[in-house]
Amino acid sequence: NMVDEKLSWKEKFAAAVIMGIGIILMILLVMSVVSSQSSVISDHGNTFTIRKSELLNYIRFLLTIILAISGGILLFRLRKWGWIIGVPFLIFSTFLAGYFIWFLYVMYLIPSFIMSVILFLVLLLALVFLFLPSARKKYKVGNQSWFPTLVFLAAICALYFFLQ
């Protein structure tokens, strides 16, 4: 039955958006590490110092990358867990993009504002596509899927807002 199911362009779009964010974040992380802009570990002769805030930032970034890429892959493979991981990720990302729209509007930074609006619309579209009845049916999303989805959303929010 699962082999017979094919992803529509809408589900592929949502999966590609989630994976794309993960890949972009991975590139940014690699560029940050290679350019040594921020150092988690400092060498002071005989001792090493680990900055807690920098370490938490890297862990947060790595978890986000892993969630985004695995969520996208699972969506492409028509797995329910792809939906359970992908939806909270998109809700959180859409919320952040909306915040940036407000912030950039207040600061009157028009080019960045326009890019944020485009990003917001892409994320919102991907989110809407995953909530369509056809997508929820394909991913076998039922009442038992809502609890883990909300737990993932709470975990992502906690990761970004409470782990400082």
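Residues numbered from 1 in each chain as written. Predicted model: local features only at pLDDT ≥ 70, side-chain atom pairs only at ≥ 80, totals over all residues. Heavy atoms only, no water.

## Some words on helix H4 (residues 110–131)
As a reminder, the rule being used: Numbered from the N terminus, helices here are DSSP runs of H or I no shorter than four residues, and strands are runs of E no shorter than two. Here a helix's expected span is defined as the number of its residues, less one, multiplied by 1.5 Å. We call two residues in contact when some of their heavy atoms are within 4.5 Å.
In this model H4 runs 31 Å from its N-terminal to its C-terminal C-alpha over 22 residues, within 8% of the 32 Å that 1.5 Å per residue would give. Along its buried surface, H4 packs onto helix H1 (9–35), helix H2 (52–76), helix H3 (80–107) and helix H5 (133–138).

## What to know about the packing of aromatic side chains
Heads up, the condition is: The aromatic pairing rule takes the rings of Phe, Tyr and Trp, using the six-membered ring of Trp, and pairs them if the centres are within 6.5 Å, calling planes under 30 degrees apart stacked, those over 60 edge-to-face and the rest tilted. Each residue's exposure class comes from its accessible area (1.4 Å probe, protein chains only) as a fraction of the maximum for that residue type: buried when under 20%, exposed when over 50%, partly exposed otherwise.
One pass over the full model with this rule turns up 12 aromatic pairs. Aromatic side chains Tyr99 and Phe103 sit 6.4 Å apart centroid to centroid with 20° between the ring planes, which places their arrangement in the stacked category. Here Tyr99 pairs with Phe103, and both are found in helix H3, just four residues apart, close to one helical turn. Using a relative accessible area of 42% as the deciding quantity, one classes Tyr99 as partly exposed. Taking 5.8 Å as the distance between ring centres and 45° as the angle between the ring planes, the aromatic pair formed by Tyr105 and Phe113 counts as tilted. Accessibility expressed as a relative area gives 56% for Tyr105, which makes it exposed. One aromatic cluster is present, formed by Tyr99, Phe100, Trp102 and Phe103 through successive ring pairs.

## Some details on the confidence of the model for the protein chain
Which entries qualify depends on this criterion: Known as pLDDT, the predictor's confidence for each residue is given on a scale from 0 to 100.
Summarising the model, the protein chain shows a mean pLDDT of 87, and 90% of its residues fall at 70 or more. No element of the protein chain has a lower mean pLDDT than strand E1 (residues 41–44), at 65, and none a higher one than H5, at 94.

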